[in-house]
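If you want the building blocks of each chain, they are given just below.
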Amino acid sequence: MKKTGPYAEVIVDLNARRTDRVFHYAVPPELWDKVDVGARVLVPFGGRRLAGYVVGFGYPGGAVNIKEIAGVLDAWQVFTPELLALARWMAESYLCSTAEALQRILSPRLQVKGTRVVKHLRTTLSEAELEIFISSLDRAPKQAAVLRTAVKCPGLTRKELADAAEVSPSVVDSLVEKGILAVSAEEVLCRPGRPAGSFAKIETLDLNAGQKDALEKVAGAIRQRSFGVFLLHGVTGSGKTEVYLRAIAAVLETSRQALALVPEISLTPQMVDLFRERFGGQVAVLHSALSGMERYGEWRRVKEGAAPVVLGTRSAVFAPMPSPGLFVIDEEHESSYKQDGHLRYHAREIALKRAQLAGAVVLLGSATPSLESQFRASAGGPYQLVTLNERIDGRSLPPVRVVDMRREQKEGHRGIFSRVLIAAVSRRLEEREQTLLFLNRRGFASFVICRECGMVFKCPRCDISLTYHQDGRLRCHYCNYTVGLPDRCPGCGSYHIGQFGAGTQKVEEEARRFFPGARILRMDSDSTARKGSHAQIVNAFRDRRADILIGTQMIAKGLDFPGVTLVGVINADTTLHMPDFRAAERTFQLLTQVAGRSGRGSLPGEALIQTYCPEHYSITAAAAHDCNKFYQNEMPVRRSLGYPPFGHLARLLLTHEDEETVKKGAALVKELLNNLLPGEKKSVSILGPAPAPLGKIKDRFRWQLVLKAYNRNLLRDIIKEGLSVLEKNHSSFKPAINVDINPQGML
Ligand SMILES: [Zn+2]
Ligand SMILES: [Zn+2]
């Protein structure tokens, strides 16, 4: 970038909002060629020396005392102008400082201190000179031995050379000091997994008509080199991955790079092999299980353009491709693309922004796209929709039966397993086929349901399920509406109302009781806590060393068991009644995926869903494999309440050891925010404060405010202003505040 002024503009690596601006520093002559936009430098700041990022050159606004940059921290520019623009956008969008955003973008590279450098030794003398020199070493036979070895095997390291000559390394050192041996340093980049050379390029299959059409559209946009977004909506098994791979190949032809993001659970060795078979050594793999050195090595290969194909999980979205042409996001609806904890970015949003900055194409793929993406891909929206309606193997999707648990109840069957499910499992045991029993994530918060009519208590204002509390009251975690629990169902008058939910252990117990001869495995966070036990269970089941596998979410995704012909969903209601406006969407996505697990081998499969709400559109649409039906039903609900994709939400989570402090703090923040909203008609509505569904974690109480607005910028500005008023006027404010813009979950 052009240097337009004498002073470097530096963002100091501090996380405070008030220091989030550029500071000017003079560049000493010896650093002129090293200090450029994208460099990390060391600067004097308030009596300390701190790291900072050079973001430009220019003049300060007024008369200021200019100090000098003290040093440069890396041997190269650590970020590109594109990534700097991204950091600035992140600071705006997620309400963090630019320094924090840059830390997040750069962290995988900066975690490694220095690089691993291997020093090779060579002789500095010619062969003839060396002969003479060695003959002069009568009294130093060890040195002579080292030199003879160095001639025979040039390029050994200090230790290798000493070992080969059977001397101590200090002998090698003395020859280096004399200048007879010279050290040449070579950087070695670590690489995870098998060496790329071990893959033979495989012949690829012909595309079907749907795939061809999808690829043509995407590849056409790639060749145009302008920003565009495609939603690839394809049923399970429709060959989306092949479309990704060919689109990546199309990007490589334009000499740009491609990034493919997959959820953590899908980044299996098979997936990595698939990419390496196609693109060989051009693939870099980035995920959280890499060692620091491996991750660093891959990042460098990406940055230097040696690996133009990046396959990775969430944080790989920041991979430093010099000129990205394509961002693929597989299973784009997955909530795991949203970062938890600090700086809650969404990888899909980051990819969209980067693509916009770089003039690249985004390819979002899913069998059950998020409502947000579907909405944007609907007629007149900014995304282009491409669909794959057929499975590549030509098989039809497995039939799904919905079991009405209310009827079981009425007819006196009160166990976890319905009669239909028991009969279906028994038949598989007889036929020596396998069964998956799936239990949605255990209800962390208990909802109350009527077992006669399936009615669930909901908040009249927010349309989310109310949570049962020990004081006997039901509470809304968005707006804090509370109501006492009646003893009879207001819908049907039944007394059979109460809390709900069984864990995987309970299901295992029951299964052992009903199917005494069956070999049963259980996979949940308890049984897989030991490292490697997850893989052991998966392998045992795949090798047919068990008849029934019981599990949570983990078994719903990615895993492929050809022997499974029955999938039973024990209880669809736990997800359906989570206190979250996305509960219906999550349920539909989970059930669709679970049903897709059945009948993947040569035998036809079947899925059974047990529920107290068999009429709910999440369940009927999943049973019919009908994404549109779900969409048509869910959209009006979202629209009427201003939830995404129509409006935007933000959650302010306050935490503190003392409950009164956090409660009062939340009330104060609400008051500050309300004061910032002018007029009668509020453009931002503030719900709560209410206790978070997980009311206490690690001895800290958690309260939340939920903000809703149609304008995302307005929402953001109000929060930003509120926090700065808080910082200025309430210096004794104690609770910690975490801001989440458009949260994916609010537990
Ligand atoms: Zn009822
Ligand atoms: Zn409410």
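Counting starts from 1 at the beginning of each chain's written sequence and moves along it residue by residue. Labels follow written order: the first chain is A, the first ligand is 1, and so on. In keeping with the model being predicted, local features are shown solely for residues with a pLDDT of at least 70 and side-chain atom pairs are shown and tallied solely at 80 or more, while totals for entire chains, interfaces and linings include all residues. Excluded from the side-chain calculation are hydrogens and water; included are all heavy atoms of the structure.

What follows is about the sheet that holds strand E11 (residues 283-286). Within a sheet, adjacent strands bond to each other through the backbone by hydrogen bonds, running parallel or antiparallel. Spatial ordering of the open sheet is given by E11-E12-E10-E13-E14-E9-E15, a layout of seven strands whose pairing is parallel. Edge positions in the open sheet fall to E11 and strand E15 (384-388), since each of these has one partner strand only. Between one strand axis and the next, the sheet turns by 15° as a mean value, whatever way the strands run. At least two DSSP bridges between two strands are required for those strands to pair. What counts as a helix is a DSSP run of H or I of at least four residues, what counts as a strand is a run of E of at least two, and both are numbered from the N terminus. The pairing of strand E10 (residues 257-261) with strand E12 (residues 309-312) spans four bridges and is classified as parallel. Axis angles are defined between N-to-C directions and span 0 to 180 degrees, where every axis is a line fitted to C-alpha atoms and, for a helix, only to the segment in contact.

Take the coordination of the zinc ion (ligand 2) next. Where a metal carries four tetrahedral donors, each ideal angle is 109.5 degrees; where it carries six octahedral donors, the ideal angles are 90 or 180 degrees. Each metal site lists N, O and S donors within 2.8 Å (3.2 Å for Na, K and Ca). With water left out of the atoms, a site can look as if it is missing ligands. Protein coordination at the zinc ion (ligand 2): the donors are Cys459 (SG), Cys462 (SG), Cys476 (SG) and Cys479 (SG), at 2.3 to 2.4 Å from the metal. One can describe the site at the zinc ion (ligand 2) as tetrahedral: its four donor atoms subtend angles covering 108 to 112° at the metal. The geometry test gives tetrahedral to four donors whose angles all lie between 85 and 135 degrees, gives square planar to four donors and octahedral to six donors whose opposite members are over 155 degrees apart with all other angles between 65 and 115, and gives irregular to the rest.

Another point: the coordination of the zinc ion (ligand 1). Here the zinc ion (ligand 1) is held by Cys450 (SG), Cys453 (SG), Cys489 (SG) and Cys492 (SG), and the distances to it run 2.2 to 2.4 Å. Given four donor atoms and angles of 104 to 114° at the metal, the environment of the zinc ion (ligand 1) is assigned as tetrahedral. Here the donor residues for the zinc ion (ligand 1) map to a single chain with the spacing C-x2-C-x35-C-x2-C. With a relative accessible area of 3%, Cys489 lands in the buried category. Think of it in three bands: residues with accessible area under 20% of the maximum for their type are buried, residues over 50% are exposed, and the middle band is partly exposed, with areas taken using a 1.4 Å probe on protein chains only.

Contact geometry of helix H3 (residues 127-135) with helix H4 (residues 141-152) gives a least axis separation of 10 Å together with a crossing angle of 160°. Here H4 runs roughly antiparallel to H3, going by the angle between their axes. Remark: the crossing between H3 and H4 carries left-handed chirality. Contact residues: H3 offers Leu130, Phe133 and Ile134, while H4 offers Ala144, Leu147, Arg148 and Val151. Angular relationships are summarised with four words: roughly parallel below 35 degrees, roughly antiparallel beyond 145, roughly perpendicular across 65 to 115, and oblique for the angles in between. Left-handed is the label given to a crossing in which the near helix is rotated counterclockwise from the far helix by less than a right angle, and right-handed is the label when the rotation is clockwise. Contacts were defined at the residue level, with two residues in contact if any of their heavy atoms lie within 4.5 Å.

Moving on, we come to unusual backbone geometry. Going from Pro644 to Pro645, the amide bond is cis rather than trans, its omega being 10°. With respect to the helices, strands and loops of the structure, Pro645 is situated in the loop between helix H20 (627-641) and strand E27 (648-656). Pro689 follows Gly688 through a cis peptide bond whose omega is 5°. If you trace the backbone, Pro689 turns up in strand E28 (residues 684-697). Backbone geometry places Ser255, a non-glycine residue, at a positive phi of 60°. Mapping Ser255 onto the fold places it in the loop between helix H8 (240-253) and E10. On the basis of relative accessibility, which here comes to 61%, the residue Ser255 falls in the exposed class. Residue Asp463 is not a glycine yet carries a positive backbone phi of 60°. Along the chain, the position of Asp463 falls in the loop between strand E18 (448-450) and strand E19 (467-468).

What follows covers H20. Between its first and last C-alpha, H20 extends 22 Å over 15 residues, near the 21 Å set by a 1.5 Å rise per residue. Values of bend correspond, residue by residue, to the angle between axes fitted over the seven residues ending at that residue and the seven starting there. At Glu634, H20 shows its strongest bend, of approximately 25°, with the proline Pro636 following within four residues. The set of residues buried in H20 consists of Cys627, Phe630, Tyr631, Glu634, Met635, Arg638 and Leu641. Contact partners of the buried residues in H20: strand E9 (228-234), helix H12 (371-376), helix H18 (583-596), helix H19 (617-623) and strand E29 (700-709). Residue count minus one, scaled by 1.5 Å, sets the expected span of a helix.

By definition, a salt bridge exists where a carboxyl oxygen of Asp or Glu is found within 4 Å of a side-chain nitrogen of Lys or Arg. For the structure shown, the criterion picks out 34 salt bridges. With a closest N to O distance of 3.1 Å, Arg406 and Asp404 form a salt bridge. Assessed through its relative accessible area of 12%, Arg406 is described here as buried. Of the residues examined, Asp404 reaches a relative accessible area of 22% and is grouped as partly exposed. Asp543 serves as the salt-bridge partner of Arg545, at 3.2 Å between the closest nitrogen and oxygen. Among the charged side chains, a salt-bridge network with shared partners connects Arg401, Arg427, Arg428, Glu433 and Glu606.

In this section: the sheet that holds strand E6 (residues 71-72). Overall, mixed pairing links the six strands, which are arranged E5-E2-E1-E4-E3-E6 in an open sheet. Of all the strands in the sheet, the pair left with one neighbour each is strand E5 (67-68) and E6. For strand E3 (residues 40-45) and strand E4 (residues 48-58), the ladder comprises six bridges, and the chain directions are antiparallel. Residue Leu42 lies in a different strand from E4, and its bridge partner there is Ala51.

A few words on the packing of aromatic side chains. Between the rings of Phe, Tyr and Trp (Trp by its six-membered ring), a pair exists once the centres lie within 6.5 Å; its type follows the angle of the planes, with under 30 degrees stacked, over 60 edge-to-face, and the other angles tilted. Inspection of the entire model under this criterion finds 14 aromatic pairs. Between the aromatic rings of Phe23 and Phe45, the centroid separation amounts to 5.1 Å while the plane-to-plane angle is 85°, which identifies the pairing as edge-to-face. Of this pair, Phe23 sits in strand E2 (residues 22-26) while Phe45 is found in strand E3, placing the two residues 22 residues apart along the sequence. Judged by its relative accessible area of 18%, Phe45 is buried.

On to the domain arrangement of the protein chain. Each domain's extent was defined by an automatic or database domain assignment. Its domain assignment divides the protein chain into domain 1 (7-110), domain 2 (117-187), domain 3 (197-388), domain 4 (400-443 + 501-637) and domain 5 (648-741). Put simply, the middle of domain 1 and the middle of domain 4, counted by C-alpha atoms, are 52 Å apart.

Bringing the nonpolar core into the picture now. Generally speaking, a soluble globular protein has its nonpolar side chains buried in company with each other. Among buried residues, those of type Ala, Val, Leu, Ile, Met, Phe, Trp, Tyr and Cys that are joined through side-chain atoms within 4.5 Å constitute a nonpolar core. Counting 59 residues, the largest nonpolar core has Phe417, Ile548 and Ile570 as its most contacted members. Non-local contacts of Phe417, meaning those with residues more than four positions away in its chain, are made with Ile422, Leu437, Val507, Glu510, Ala511, Phe514, Ile570 and Gln610. Within the second largest apolar cluster, 49 residues are counted, among which are Leu231, Tyr337, Tyr345 and Tyr383.

Right, let's get into the environment of Asp20. Residue placement: Asp20 occurs in the loop between strand E1 (7-12) and E2. For the pair formed by Asp20 and Ala164, sequence separation is 144 residues and the distance between their alpha carbons is 56 Å. Beyond its immediate stretch of four places on either side in the chain, Asp20 contacts Cys96, Ser97, Thr98 and Ala99. N or O atoms within 3.5 Å of each other form a polar contact, as long as, within protein, one can give a hydrogen and the other can take it, and as long as residues adjacent in sequence are counted only when both atoms are side-chain atoms. At 2.9 Å, the side chain of Asp20 and the side chain of Thr98 are in polar contact.

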